[in-house]
Structures are given as structure tokens and as C-alpha cells.
Amino acid sequence: MTRGFWLAWLAAVAVCFGVYWQAFDVWFLMDDFAWLGLKQEIDAGGGLAVLFEPRAQGTVRLFSERLYFFGLSSIFGIDPLPFRLIAFGCQLAVLWLLVRIAAFLGGTWMQALAAGVVYAASAHLARPLMWAASFNQILASLCLLLAFWFLLRGRWWAQYAVYLVWFGVLETAVVYPALATLYCWLFAREQWRRTLWLWPPALLFVVLHLFVIPRPSGNEYAAVYDLGMLASLGEYSWMAAGAFGVALLGWAVWRAAKERDFLPLYFAAWFVVLLAPVLPLQNRISGYYLALPLTGVALLAGTVRGRVAGMVELAVCAGYVWMSASAARPEIDFFLTASQRIQNLLENGSTAARAKGADTVLLSGIDTELFNTGLQDTPFRLYGLNKVYLVPGSESGIRARADLGGVSAYKISQRQAVEALESGKTIVLSIAGDRVSDATNRYRSVILPQYVQSRPRSINLGETAYESLLGPGWWPVEGKFRWMAKTASLRIGAEPGDRRVRVTGFCPETVIAQGPVSLTVASGSTVLGTKRFEKVDAFDWRVDLPPGLSRDGWLPLTFSVDRATRVPGDKRDLGLIWGTVSLQQ
């Protein structure tokens, strides 16, 4: 290339970085966490077969998702910088190919500049450049332009090799044979038969997706083949370039009608052909699907001929760059804010959990946006935390995607939350804006009284919150336990299927020193069981329950020892040390 074409490429690169330089401040979010978990799945016994399983709407994108995430996360861990560097590196190659193709097809440096700048400034590149899970759009664009470049240069086997790789990048590879055949038919008819070899892989791929690979469930990705596809085409076309695109289409039609130059019209068809695979997805209109078809708009812009027309186009392109940069701003801000929120939660939350030795995390203050952009794919598992839940009741305020399981993976009952808190290995994280704080003690003071009022089936006698359930015979809490007197009683929430009582506690040396002691458990006048202690014993005892003992959902229990103990300096009658009482089915 001459100096002018190199400057055209550098100008396109400058525009790309000028619009999207903040991509390097974006962390991971949404689908990224599913792919980042591939290494864990493989290490857990899934093997390399995990890389080839159909996922995400039945796709198998080996190069743009599986190896991309597995390879980089294996080497660099949870670090977005390598992902951004590769994405931008591929984008620079895409811009270079656009400039080269525009120049090869007879354009001046101004047409090459227009092609590069129109693509570089597009607002629809925000997701592919700022979201690692959408890198497939950038890599597919590189495969497309590289294969087409080899076609222009007559390097058929190189074209074929890139085309086959493209199938492991994005499903849109199936339409490339149409683009290659149409180009050769219009401009190199003596070569068109050689493009027939491109069709068998595409047809095989379509057959596999129709009859072998499971189809996606849900209405969002349902394919609808009717006239509504034309409405989708119109909507995508306006989204792609607006009035600028209409002007380019007018140029293409005029050149074909007046000058018999079909190259501009070919690149207009290029846009439609590459958009065709997503047109049936009428329930999912998404701007980032335009990343690949926009190469056609860019190359169409690179066909505008004539000195005056070229200067006018450059002026229009300058306005297009400004409008595109403004249109990209909301999405850039979204990715920056959303990814930084989830980064703050995961990194600070996992650090706090490790500091407390917690293996369970309860989340408070999670809103719909934070859940959908960060938590849907259970990212805490990447930090070794597999038991992460929403505090009971908070899930009702979150509108999550039902096709992805909603909030089911994060639901926990009040009883389970209380038991987790009482284990001493649970932390409650409160999220308020950008602040993540430890709210364990505050949450405990709220949930335990609520749990007590709701007939708990497990009572921790070392917690003061349960004292309303205790009858006479219990001494005040000491640390994490409580002494009973010679006889003590309580009531506990019961269900029809309860089959046994589980009691835990400790028989200390001070009790055994005066001889063996027997513990009896009774409900009303019904004796449930007796246990004899002859040595120091940390007991965990299960006593069978006969049916019909509970009343109105409550089971009264009485515990008694055959001998109380007095220790010097203490006027209390001491029976045994107690931990918990619970019912089991």
C-alpha cells in the first residue's frame, strides 16, 4: 500500500480507539462468567469434551468462545486485559482488510479511508469490543474479510481454510458461499464454478443444526419465517446507518442503472446476505448482530467514486463518526457501570468471605440489573464460593430471565438461612450502590426473631433470639451454649412427617465427677427416650417420635436429669450443657 492508504488505515484505527478506548476499563459480565467457568468444568472431570458440547442456543463456537475463554483464563486467570488486547488486535486487522479491499477494488485513498472509518466508528461495535462473550462478532468479521481477500487474490485454498475455521467462530459462515458465488458470477464469471466447493460444508452445517444439535428453547430465539422478516430487515437497515445508509443505497442503485457498475449494489446485497441468518429471530432484535453485516456498509462507502463525490463523502463520514460516537455513549456507559458493579461485588465479597472463613454467602440489596448482568451464571464459583444465595424474600423484587433459570439457583428458605448463620461459616453481604459491606450481625438480629415467630424446627439454645420458645429450667446463655437445670422445657415447630428429635450438647467433667447421670426426653406424659452418661461426652442424640404428639404445629418437650450438680461458688442446679434441638423427618 502507498503512504496514503497506510494513513487511511491509521485514521480508522485512531477513530476506533477514540470511540472505544474505555473498553480497557470494562470488566466481565453476563455470559462471560459461564465461559470463564469452563476451566473448572474441565478440571472437575468434564474433560476436553466440554469444549465441544452444544450450548448457548445450540452453538459450538470452538475458537471464539471455548478456546478463547479456556485458554486465556487458564493462563491469566480472571483478568479482562488479555481479552481486550486480542479483541482490539483482531479489530485492527479487520480495519486493515477493509482498507486493502477498498483499495484493491479501485478505490483511492479517500475511498479506503471512508471504508475504514465508517466501520470503526459504528455504535454497534460497542458490545463486541467491550464484552468478551461477543468477541465472536469481531473474529467472524476477520474471517469474512480474510476469506474474501484471498478470493480476490485468487488464493482459493487459503480462502477455503479460513472459511472452514469460520464455522468454529460463528454460524454466519453458512452464507459465505452465497457471497463468493455472487461476486464471481458478477465480476469473475470464469471462476464461479470454483465457489461450488464452498457449498457442501455450509449445507452439512445446516443439516446438523436442524436435525442433530438441540434447538434453543423459549420464544426469544424462536425462528419465525414470514413477512415479518422484511420488517426486521428494515429495522436493522435503519439501525445500521440511518439516512447515511439510505444515501449509500441510492448511490448503489444509480451506479448500477447509469454506469452498469454493480460493485456498490453487490456490497448492499452483502449487508442483506450476512444479516439473513438473524432475520428469523424476530423476537430478538439486537444491534450487535450488525457487526458483521456492517462490513458491507463500510465497503459500499468505499465504492463512492469521483473527486467531488469523495470529498462530499468524507464530510458526511465526519458527521457519521460524530453521530455514531454519540450513539455509542449510552452502551459504553452501561458496560462500564454494570461490569464495575459486579467486579466490586465479586472481588470485595469473596475477600470478605475468605477473611471470615465463610463458605456460604447471603446477598442483600441485589437489584434486577445487577442480578441479570452479573449473577445469572453463578460467578462466585470462580472464587471458590459455591453456596451463594439471596436473603430470603428479596428474590421477589428481581425480574430475571426465566429461560436461564430465573433466581432458582439463589433461593434459600428462612430456615436454611438461619441454620447457615448458626453454623458460623456464613457471611451476609449488603450491596448499596458501589459499597459492599458485611451485614451479618445486623441481618442476624432481624431474621432470628422472625424465624422464632414462624415456628422454627431447629432451636439454637446458644442464641438469645430463641428465648421466647423456652419454658422454665434454662439458665442464661454463656458464649454459644446454655446450661439446663434439673428439668427444662421448650416448644418447637412441628410438621406431620416429623419422625425424630435431634439434641446436641455436652456432658462435662464437673457433672460426671459425682457419678453417672441419666437424661430423659419427654413430650407431655409420653417418655421418648433416656440416655445415660458415664464419661465426658459431646452428645448428638436422636430420639424417635410417636405420631400425634404435636398440637397446633407445636411440639412441647421436657428434658430432665436424674441428678443436678452444684459447683463451688455457683448456687445454680446444673444439669447438662445444651447446643441445639431440632426435628427431623
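Since the model is a prediction, treat every value here as computed from it, not as a measurement. (Residues numbered from 1 in each chain as written. Predicted model: local features only at pLDDT ≥ 70, side-chain atom pairs only at ≥ 80, totals over all residues. Heavy atoms only, no water.)

Here four strands make up an open sheet; going across it, the order is E2-E1-E3-E4 and the pairing mixed. Only two strands of the sheet have a single partner each, and these edge strands are strand E2 (387-390) and strand E4 (435-438). Neighbour to neighbour, the strand axes of the sheet diverge by 25° on average, direction disregarded. Relative to strand E3 (residues 426-432), strand E1 (residues 360-364) is paired through five bridges, and the arrangement is parallel. Paired with Ser-364 across the bridge in E3 is Ser-430. Against the sheet, helix H18 (residues 440-453) touches E1, E3 and E4, its axis set at about 100° to E3. (Pairing = 2+ DSSP bridges. Helix = DSSP H or I, 4+ residues; strand = E, 2+ residues; numbered from the N terminus. Axes fitted to C-alpha atoms, helices over the stretch in contact; angles between N-to-C directions. Contact = heavy atoms within 4.5 Å.)

Attention shifts here to the layout of surface pockets. Taken as a whole, the second largest pocket spans an internal volume of roughly 290 Å³. When residues in the lining of the second largest pocket are grouped by element, the largest group, 10 residues, is from helix H12 (residues 228-258). Grouping the constituent residues of the lining of the second largest pocket by class yields 13 nonpolar, four polar and no charged. (1 Å grid on protein atoms, 1.4 Å probe; cavity = no way out; pocket = protein on both sides within 12 Å on 5 of 7 lines; lining within 4 Å. Points joined across faces, edges and corners; volume = space filled by probe spheres on them. Nonpolar A, V, L, I, M, F, W, Y, C, P; charged D, E, K, R; others polar.)

So, on to unusual backbone geometry. Here Met-30, not a glycine, exhibits a phi torsion of approximately 50°, which is positive. Positionally, Met-30 belongs in the loop between helix H1 (3-20) and helix H2 (32-36). Since its relative accessible area comes to 15%, Met-30 is described here as buried. A positive phi angle, near 45°, is found at Thr-378, a position not held by glycine. Judged by its relative accessible area of 30%, Thr-378 falls in the partly exposed class. (Buried < 20%, exposed > 50% of the residue type's maximum accessible area, 1.4 Å probe, protein only.)

Turning our eyes to something else, we now look at the packing of aromatic side chains. Applying the stated criterion across every chain, the model contains 38 aromatic pairs. Aromatic side chains Trp-27 and Phe-33 sit 6.0 Å apart centroid to centroid with 50° between the ring planes, which places their arrangement in the tilted category. As far as the burial class goes, Trp-27 and Phe-33 line up, both buried. Ring geometry for Phe-104 versus Trp-149: centroids 5.5 Å apart, planes at 75°, classification edge-to-face. Highlighted residues: Phe-104 in helix H5 (residues 81-104) and Trp-149 in helix H8 (residues 135-152), separated in sequence by 45 residues. Residue class for Phe-104 comes out partly exposed when judged on its relative accessible area of 39%. (Phe/Tyr/Trp six-rings, centres within 6.5 Å; stacked < 30°, edge-to-face > 60°.)

Let us look at the pairing of strand E6 (residues 474-478). Of the pairings in the sheet, the one linking E6 to strand E7 (residues 481-484) comprises three bridges and is antiparallel in character. If you follow Trp-474 over to E7, its bridge partner there is Met-484. In this antiparallel pair of consecutive strands, E6 and E7, the connection spans two residues, and Gly-479 shows a positive phi of 70°.

Packed helices, taken two at a time, are described by their axes: the angle between them and the distance between them. Interaxial distance between H1 and H5 falls to 10 Å at its minimum, and their mutual angle equals 145°. Of the two possible hands of crossing, H1 and H5 adopt the one that is right-handed. Residue-level inspection shows Phe-5, Trp-6, Ala-8, Trp-9, Ala-12, Val-13, Cys-16, Phe-17 and Tyr-20 of H1 in contact with H5, the latter providing Phe-88, Gln-91, Leu-92, Leu-95, Trp-96, Val-99 and Ala-103. Partitioned by chemical class, the residues of the contact of H1 with H5 number 15 nonpolar, one polar and no charged. (Left-handed = near helix turned anticlockwise from the far one by under 90°.)

Right, let's get into the sheet that holds strand E10 (residues 517-523). In sheet architecture, strand pairing relies on hydrogen bonds along the backbone and comes in two forms, parallel and antiparallel. Spatial ordering of the open sheet is given by E8-E13-E10-E11, a layout of four strands whose pairing is antiparallel. Whereas interior strands pair on both sides, the edge strands pair on one side only; in this sheet they are strand E8 (487-493) and strand E11 (526-533). For this sheet, the mean inter-axis angle between neighbouring strands, taken without regard to orientation, is 20°. Inspection of the sheet shows E10 paired to strand E13 (residues 554-561) by four bridges, in the antiparallel sense. When the bridges of E13 are listed, Ala-522 appears paired with Thr-558.

At their nearest, the axes of helix H3 (residues 38-46) and helix H4 (residues 62-76) sit 9 Å apart, and the two run at 80° to each other. In terms of orientation, H3 lies roughly perpendicular with respect to H4. Touching Leu-38, Lys-39 and Ile-42 of H3 are Arg-66, Phe-70, Ser-73 and Ser-74, all from H4. (Parallel < 35°, antiparallel > 145°, perpendicular 65-115°, else oblique.)

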